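Below, each chain spelled out in residue letters.
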Amino acid sequence: MTDEILINVTPQETRVAVIQQGAVQEVQVERTSARGLIGNIYMGRVVRVLPGMQSAFVDIGGGRAAFLHVADIWGHRPDGAQAAPIEKLLAEGQNLLVQVAKDPIGTKGARLSTQVGIAGRLLVYLPQESHIGISQRIEDEEERLHLRGKLQQLLPADVTGGFIIRTMAEAASDRELLADVAYLRKLWQDIQDKARGAAPAALLYQDLNLSLRVLRDFADDETVRILIDSRETFQKVRGFALEFTPNVVERLEHYSGERPLFDLYGVEGEIEKARYMRNLADAEPPANADGVAFARRQEVRKRQFEGQQRIVGLMADAWRLDIQRVYQEMRSRELRRERHEGGL
């Protein structure tokens, strides 16, 4: 049961804490400077076609042209026929809907694909495909068959496109799966609507930031309320909820109290505890020190610290909170990998 979700926003980072029965269960952090381009969808313009490299440079804004290889152009090999050369597929000055598959590195621009994949909580939607794939992380063959058959039965007759079933879908209800399908279809329709009148290099879709992913990934029927300590972020989250997750709107609240939100719920204490325990574990005895004596002093310090702190939760929670920071930095790469795990 998820009782409350806290969203703390600063210019440098956004932090989210999940509170369950008064105890901190999870903390995620997203730094503003660390957000990449992976997953973004643009109305690109072809600026140069290179037949010798079978690739093209595409302007998506930002100063550096992005790179598109012929193998990343959807439909370049129709029905198993011989692949068409890139000069037959693209022309300079042509507008093209593209998605970023790899962030820019050094002087190299981003790598693009024309095959679109939009990640939801339980599914990845592939509007240009027609089959249902299963994440390779779901290894049991019976479970894979069950999930594929379940989604096929649930999909409305008018649904087009393909899906990849993510690992989180294993425990999902029919209602949750249908809600994710509806959300992804609405998102794709909005992208198409924007594309019709978009100027070259226009951003059509950006992967959700942490404050919006809360509505997609954490909020459920058991969520009592979602507290946000930034008025600007509250308005953005509310606007997103009104369009995509209207059942959550009434549970959104702007927190304007004098006491910091994470202090009020003891989250800062949990984070400090995680940092302390990590530093304690990483500490090395000084030169010429007695190893046994040093270990004893470390144990005493740990007990003193635990006695002084009024923190709810088990020791494992502190370690998990620290690990979440590392996990958050890896998330974009994992989503990109999972998009291709359906055997595409």
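Predicted model, so just to flag it, every value in this text is computed and none were measured.

Enquirer: How should I be thinking about the sheet that holds strand β15 (residues 252-254) in this particular structure?
Expert: In a beta sheet, neighbouring strands are held together by backbone hydrogen bonds and run either parallel or antiparallel to one another. Pairing in this open sheet of five strands is mixed, and the strands run β3-β2-β1-β14-β15 from one edge to the other. Looking at which strands have only one partner, the edges of the open sheet turn out to be β3 (23-31) and β15. Neighbour-to-neighbour, the strand axes of the sheet open up by a mean angle of 20°, direction not taken into account. Where strand β14 (residues 225-228) meets β15, three bridges bridge the pair, whose relative direction is parallel. Looking at β15, one finds that Ile-228 is bridged to His-254. Against the sheet, helix α5 (residues 231-244) contacts β1 (4-9), β14 and β15, and its axis sits at roughly 165° relative to β15.

Enquirer: Any chance you could explain the pairing of β3 here in plain terms?
Expert: If a strand is regular, its side chains alternate between the two faces of the sheet. Sheet analysis places strand β2 (residues 13-20) next to β3, joined by eight bridges and oriented antiparallel. Counterpart to Thr-14 in the pairing with β3 is Glu-30. The turn linking β2 back onto β3 is made up of two residues, and Gln-21 within it adopts a positive phi angle of 55°.

Enquirer: Would you mind going over a negative patch on the surface with me for this structure?
Expert: Together, Asp-140, Glu-141, Glu-142 and Glu-170 make up a negatively charged patch on the protein surface. Counting through the fold element by element, Glu-142 comes out in helix α2 (residues 141-154). In this structure Glu-142 comes out as exposed when scored by relative accessible area, which is 66%.

Enquirer: So what exactly am I meant to see when it comes to the packing of aromatic side chains here?
Expert: One pair of aromatic rings is described through two measures. These are the centre distance and the angle between the planes. In total, this model carries five aromatic pairs according to the counting rule given. A ring pair is formed by Tyr-183 and Phe-244, whose centres lie 5.7 Å apart and whose planes are at 75°; its orientation type is edge-to-face. One end of the pair, Tyr-183, is in helix α3 (residues 174-196); the other, Phe-244, is in helix α5, and 61 residues separate them in sequence. Here Tyr-183 matches Phe-244 in class, with each residue buried. An angle of 35° between the planes, with centres 4.8 Å apart, marks the rings of Phe-240 and Phe-244 as tilted. Placement of the pair is Phe-240 and Phe-244 together in helix α5, with a separation of four residues, close to one helical turn.

About the thresholds
Along every chain, residues carry numbers that run from 1 in the direction the sequence is written. At least 70 in pLDDT is required for a residue's local features to be given in this predicted model, at least 80 for side-chain atom pairs to be given and counted, and no such filter applies to totals for whole chains, interfaces and linings, which use all residues. Side-chain numbers here rest on the full set of heavy atoms in the structure, without hydrogens or water. Criterion used throughout: strands pair if DSSP finds at least two bridges between them. What counts as a helix is a DSSP run of H or I of at least four residues, what counts as a strand is a run of E of at least two, and both are numbered from the N terminus. Think of each axis as a best-fit line through the C-alpha atoms, taken over the contacting stretch in the case of a helix, with angles from 0 to 180 degrees between the N-to-C directions. Contacts: residue pairs with any heavy atoms within 4.5 Å of one another. Here the term patch refers to residues with relative accessible area over 30% and no salt bridge, with like charges joined within 9 Å and nonpolar side chains (Val, Leu, Ile, Met, Phe, Trp, Tyr) within 5 Å. To be clear on the numbers: accessible area is Shrake-Rupley with a 1.4 Å probe, and residue cover counts the displayed protein chains and nothing else. Salt-bridge detection follows one rule: a side-chain nitrogen of Lys or Arg within 4 Å of a carboxyl oxygen of Asp or Glu. Only four residue types enter the tally: Lys and Arg on the positive side, Asp and Glu on the negative side, with His and both chain ends excluded. Charge coordinates come from a single atom per side chain, which is NZ of Lys, CZ of Arg, CG of Asp or CD of Glu. Three exposure classes are used, based on accessible area relative to the maximum for each residue type with a 1.4 Å probe and protein chains only: buried under 20%, partly exposed in between, and exposed over 50%. Only centres within 6.5 Å qualify two rings of Phe, Tyr or Trp (six-membered ring in Trp) as a pair; their planes then separate them into stacked at under 30 degrees, edge-to-face at over 60, and tilted for everything else.

Just distances and angles here, no functional claims.
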